[in-house]
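Per-entry structural report
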Amino acid sequence: LYGIYLFRLNMNAAFYLNGAYLGDGGKMSGRLTRNWNRPLYVTAPAALWRGGENELLIHLKTYPGFGMFAPVQIGPDTQLKPVYQQRQFVQNELSQTFTALLGLVGLFFQMVD
């Protein structure tokens with residue numbers, strides 16, 4: 001099992017390997033899913049990989065003038081998924097936790113005053 005990791009993009013992407021759909025980050029039409037501050041990760045089963053050349057197609061969907069696409073990382077799922085999970089924790093979950101704590105501290109000071 002191989003992982004395909006995209007640590008930064010704007011707004012959304014869908015992944016295809018040799019014509020087979022692997023996954024996406026959400027809505028690709030209408031109001032797009034906003035993945036501008038969220039890494040994306042999909043897995044590619046060994047059965048989809050060919051000997052020799054393979055084609056990885058990443059359909060990036062963005063609003064005009066806002067396209068951004070970081071280098072793609074491909075590797076064994078066991079090695080790449082922890083990198084993705086660490087980035088997601090630091091970039092998303094940790095900031096959500098700090099925001100909640102800051103809100104609680106603000107409420108505490110409002111009650112004390």
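Look up: the structure comes first, before these words.
What this report covers is the structure whose coordinates are included nearby. All values reported here derive from a predicted model rather than from experimental measurement.

For the rest of this paragraph, the subject is the packing of aromatic side chains. To describe a pair of aromatic rings, you give the distance between the ring centres and the angle between the ring planes. Within this structure, the stated rule accounts for 6 aromatic pairs. Ring centres of Y5 and Y84 lie 6.0 Å apart, and the angle between their planes is 75 degrees; on these two criteria the pair is classed as edge-to-face. A residue pair is termed long-range when its members are at least 10 positions apart, and Y5 in strand β1 (residues 2-6) and Y84 in helix α1 (residues 77-112) qualify at 79 residues. Judged by its relative accessible area of 2%, Y5 is buried. Overall, Y84 belongs to the buried group, its relative accessible area being 14%. Here F108 and F109 contribute two aromatic rings whose centre-to-centre distance is 5.5 Å and whose plane-to-plane angle is 70 degrees, an arrangement assigned as edge-to-face. A relative accessible area of 53% means that F109 is categorised as exposed. Here the aromatic residues Y5, F7, Y41 and Y84 are joined through ring pairs into a cluster of three or more.

Right, let's get into the sheet that holds strand β4 (residues 20-24). Pairing is antiparallel across the open sheet formed by 3 strands, whose spatial order is β4-β3-β6. This sheet does not close on itself; its edge strands, each paired only once, are β4 and β6 (56-61). Taken over all neighbouring pairs, the strand axes of this sheet differ in orientation by 20 degrees on average, direction set aside. As judged from the 4 bridges shared by strand β3 (residues 12-17) and β4, these two strands associate in the antiparallel manner.

Glancing now at the pairing of strand β5 (residues 40-44). Remark: a regular strand shows side chains that alternate across the two faces of the sheet. For β5, a buried count of 4 out of 5 residues is recorded, marking the element as mostly surrounded by other parts of the structure. Sheet topology note: the β1/β5 ladder contains 5 bridges and is antiparallel. Each residue of the ladder has a partner; that of Y5, found in β5, is Y41.

Turning next to the side chain of N12. By the element assignment, N12 lies in strand β3. Among the polar contacts made by the side chain of N12, one reaches the main-chain amide nitrogen of G25 at a distance of 3.2 Å. A polar atom in the side chain of N12 sits 3.1 Å from the backbone oxygen of G26. In this view, N12 contacts G25, G26, K27, M28, T33, N35, L40, H59, L60 and K61; residues no more than four positions away in its chain are not counted.

Rules behind the numbers
Counting restarts for each chain: residues are numbered from 1 in the order of the written sequence. A pLDDT threshold of at least 70 governs which residues receive local features in this predicted model, and a stricter bar of 80 or more applies before side-chain atom pairs are shown or counted, although totals over entire chains, interfaces and linings include all residues. Side-chain metrics in this entry use all non-hydrogen atoms of the structure; hydrogen atoms and water are not considered. When the centres of two rings from Phe, Tyr and Trp lie within 6.5 Å, Trp using its six-membered ring, the rings pair. Their planes under 30 degrees apart give stacked, over 60 give edge-to-face, and anything left gives tilted. Secondary structure follows DSSP: runs of H or I at least 4 residues long count as helices, runs of E at least 2 residues long count as strands, and numbering of each begins at the N terminus. Burial classification: accessible surface area is computed with a 1.4 Å probe over protein chains only, and a residue below 20% of its type maximum counts as buried, one above 50% as exposed, and the rest as partly exposed. Paired strands, as defined in this entry, are two strands with at least two bridges between them according to DSSP. The angle between two axes is taken between their N-to-C directions and runs from 0 to 180 degrees, where each axis is a line fitted to C-alpha atoms and a helix contributes only its stretch in contact. Any pair of nitrogen or oxygen atoms within 3.5 Å is treated as a polar contact; in protein, a donor-acceptor pairing is required on top of that, and neighbouring residues in sequence qualify only through side-chain atoms on both sides. Between two residues, a contact is recorded if the distance between any of their heavy atoms is within 4.5 Å.

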